[in-house]
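# Notes for the structure review
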Amino acid sequence: MLIVLSQLFKVHLIVKRLRSGSRGCWLSLNHNCEPAGAFVGINIGTDVTNLPPASDIVAILKANQITHVRLYDADSHMLKALSNSGIEVIVGVTNEEILGIGESPSAAAAWINKNVAAYLPSTNITAIAVGSEVLTAVPNAAPVLVSAMNYLHKALVASDLNFQVKVSTPHHMDIIPRPFPPSTATFDSSWNSTIYQLLQFLKNTNSYYMLNAYPYYGYTKGNGIFPIDYALFRPLPSVKQIVDPNTLFHYNSMFDAMVDAAYYSIDALNFSGIPIVVTESGWPWFGGAKEPDATVENAETFVNNLIKRVLNNSGPPSQLNIPINTYIYELFNEDKRPGPVSEKNWGVFYANGSAVYSLRLGASDQITGNSSVVFCVAKPGADSDKLQNGLNWACGQGQANCTAIQSGKPCYNPDTLENHASYAYNDYYQKKHAVGGTCDFDGTAMTTTIDPSNGSCKFTGSSSSSTSGGFSPATALGPTNPFDGSSSSILQAPKFLYLMSATFLVLVLLCPGGPSSFLPS
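So, how was this worked out
Residues numbered from 1 in each chain as written. Predicted model: local features only at pLDDT ≥ 70, side-chain atom pairs only at ≥ 80, totals over all residues. Heavy atoms only, no water. Helix = DSSP H or I, 4+ residues; strand = E, 2+ residues; numbered from the N terminus. Buried < 20%, exposed > 50% of the residue type's maximum accessible area, 1.4 Å probe, protein only. Contact = heavy atoms within 4.5 Å. Areas by Shrake-Rupley, 256 points an atom, 1.4 Å probe, with all protein chains shown as cover. Pairing = 2+ DSSP bridges. Axes fitted to C-alpha atoms, helices over the stretch in contact; angles between N-to-C directions. Arc of directions from axis to C-beta. Polar contact = N/O pair within 3.5 Å; in protein donor to acceptor, adjacent residues only side chain to side chain. Salt bridge = Lys/Arg side-chain N within 4 Å of Asp/Glu carboxyl O. Right-handed = clockwise from strand over helix to strand, strands pointing away. pLDDT = per-residue confidence, 0-100. 1 Å grid on protein atoms, 1.4 Å probe; cavity = no way out; pocket = protein on both sides within 12 Å on 5 of 7 lines; lining within 4 Å. Points joined across faces, edges and corners; volume = space filled by probe spheres on them. Nonpolar A, V, L, I, M, F, W, Y, C, P; charged D, E, K, R; others polar. Disulfide = S-S within 2.5 Å.

With that settled, the discussion passes to the overall build of the protein. Helix and strand content of the protein: 16 helices and 14 strands. With 521 residues in all, the protein has 50% of them scored as buried. Contacts spanning at least 24 positions in sequence make up 71% of the contacts within the protein whose residues lie at least 6 apart. Carbon together with sulfur atoms contributes 55% to the accessible area of the protein, which is approximately 23,600 Å² in total.

Strands sit in the order β5-β4-β3-β2-β1-β11-β10-β7-β6 across an open sheet of nine strands; the sheet is parallel. What marks the edges here is a single partner per strand, and that holds for β5 (166-168) and β6 (170-172). The average angle at which neighbouring strand axes cross in this sheet is 25°, direction not considered. Note that strand β3 (residues 88-93) and strand β4 (residues 125-130) share five bridges and pair parallel. Following the sheet pairing, Val91 is matched in β4 by Ile128. Here helix α4 (residues 95-102) sits on the sheet and contacts β3 and β4; the angle it forms with β3, its principal contact strand, is near 75°. Here helix α5 (residues 105-117) sits on the sheet and contacts β3 and β4; the angle it forms with β4, its principal contact strand, is near 135°.

With that out of the way, let us pick up helix α2 (residues 54-63). The α-helix advances 3.6 residues per turn, and as a result positions three or four apart in sequence lie on the same side. Within α2, burial applies to Ala54, Ile57, Val58, Ile60 and Leu61. Buried residues of α2, viewed axially, fall in a sector of 155°; they line one side. For α2, the elements touching its buried residues are β1 (40-44), β2 (68-71) and α3 (76-81). At the C-terminal side of α2, Gln65 shows a positive phi close to 55°.

Structurally, Asn95 is set in helix α4. Look at Asn95 and you get buried, because its relative accessible area is 19%. A polar contact of 2.8 Å, which involves the side chain of Asn95, links it to the backbone nitrogen of Ser132. Excluding anything up to four places from it in sequence, Asn95 contacts Gly131, Ser132, Val134, Ala137 and Val138.

Per the stated rule, a full pass over the model turns up five salt bridges. A salt bridge links Glu280 to Arg70; the nearest nitrogen and oxygen atoms lie 2.9 Å apart. Of this pair, Glu280 sits in strand β10 (residues 276-281) while Arg70 sits in strand β2, placing them 210 residues apart in sequence. The burial state of Glu280 is the same as that of Arg70; both residues are buried. A salt bridge links Lys431 to Asp427, with the nearest nitrogen and oxygen atoms 2.9 Å apart. Here the residue Lys431 and the residue Asp427 both occupy positions in helix α14 (residues 417-432), the gap between them amounting to four residues, near one helical turn. For Lys431, a relative accessible area of 46% corresponds to the partly exposed category.

Burial of the side chains of β2 extends over both faces: His68 and Arg70 are buried on one face and Val69 and Leu71 on the other. Bridge count for β1 against β2 is three bridges, and the pairing is parallel. Counted as the bridge partner of Asn43 is Arg70 from β2. Handedness of the β-α-β unit built from β1, α2 and β2 comes out right-handed. Of the pairings in the sheet, the one linking β2 to β3 comprises three bridges and is parallel in character.

Now for the environment of Thr184. Along the chain, Thr184 turns up in the loop between β6 and α8 (192-204). Sequence separation between Thr184 and Ser265 is 81 residues, and the spatial gap between their C-alpha atoms is 7.9 Å.

For the rest of this paragraph, the subject is the confidence of the model for the protein. Summing up the model confidence of the protein, the mean pLDDT is 82 and the portion of residues at 70 or higher is 80%. Note that pLDDT drops below 50 for residues 1-36; the model gives that stretch 61 contacts with residues more than four away or on any other chain.

Size it by volume and the second largest pocket reaches roughly 1,000 Å³. Contributing to the lining of the second largest pocket are 43 residues, with Glu133, His172, Asn212, Tyr214 and Tyr217 lying nearest its centre. Contributions of two or more residues to the lining of the second largest pocket are made by β2, β3, α9 (215-220) and α11 (254-268). Broken down by element, the residue count for the lining of the second largest pocket peaks at four residues, all from α11. Its residues placed into classes, the lining of the second largest pocket shows 22 nonpolar, 11 polar and 10 charged.

So, about the state of the cysteines. Overall, the coordinates contain three disulfides when judged by the stated rule. Through a disulfide, Cys376 is tied to Cys439; the S-S separation comes to 2.1 Å. Around the S-S axis, the bridge from Cys376 to Cys439 shows a dihedral of about 90° and counts as right-handed. Residue Cys376 is located in strand β12 (residues 373-378), and its partner Cys439 is located in the loop between α14 and β13 (445-448); the two are separated by 63 residues in the primary sequence. As far as the burial class goes, Cys376 and Cys439 line up, both buried. Across a sulfur-sulfur distance of 2.0 Å, Cys395 and Cys402 are joined as a disulfide pair. With the S-S dihedral at roughly -95°, the linkage between Cys395 and Cys402 falls on the left-handed side. What makes Cys395 partly exposed here is its relative accessible area of 30%.

Next up, the structure:
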């Protein structure tokens, strides 16, 4: 009974918040109110040989509970497919379009009518990214960048869309020549006039600063100044703590330091109150011979730690109360992109919707996926000694068939302890879970519905409905805890349905107009 009252009280607080006029403000920075929580979105590039149809892409987004996306253009197929999905969308003005829009208010108005107004409200467009890294990528367009933003904003005002759709432009970290220590960071003075006008525009329109922050490049181009653990959000020993000597702020990650460098650079031009949204951040999972840090293990570590970092709902040391909403770069590998091998391998999903590596798209250890088939894999960041012990046990006493992870066999690569342990754990689990074998291995394993198969390396899966069946002996098989995390996931759906029922009941009891009073009019 106490549990029921506790849950009802939580719902009552939600109702009070809704009544206070905060609806529509919880998940974004787009409605002139404070966000209740940070979000992680994703970029969708299209330089892909076998790009799935737009409807399939949206299905992948929904299956993985991705609620925010950024497009690099205003592709009509994608904007139509995103209709009625509820997913918040940033549409892009391409770099090639900036000159025309920046010189012609009528061209800006036509662009808004064609690429924004035509899709609202069914497609939830919330922002326009004007170009991509214009100051560093196409400096000849810089003189008209702010004009283009102004003309687009005026067109939104004319269509009464300016409160729903914000206008900004993503910047490369390179416009901040010396980002460390963050407290002394400033923009490249050669761009001061343009950046000042741009910040004035963002302030006047209640928009936000878009930053592309890549610790991968900060680390690989840093000539060993910073340890890789700092770039990957891994904890540093006390003797290696990264501290700003002027503020004495401790930086636990290069990502936080980059965001803070941007905040200090904005402050150096006497602006404040402009939040930063990271429009791109990621790590390549494969590279060429001269790119040793582009590995599956590093990419998996970075992206999962990035998600965890963002969802803790805090800002960098100088702006702790402003969450760092972030868009992962990127959904698919763009194999048609020019440049080094790593440039083509930033995707977190293959075109068929399966994950390149285990991906935690939430704050908990449970991995979201798009399948009812269950696999058992090693937890990212698990203790290496425990992983080795689990691998040895699975391939020995556990009777897993580990032939596929031997040198020269289909699942040997990537040659990492986590990959080999995942294969062995899964083989054991599929054979033994029906008679009590669990997916735990001393806390180093977890279940997932994302198929970890890669190329010719195939993982066997099992129906999620069968994981709760079978005979459970008094002593669980393997080095496991019989009360492992896999059982809790089975309880999530009933609990969710229960809370939904409780929510509906309280809405009926507390709201004069009933639950319909909270629906958009």
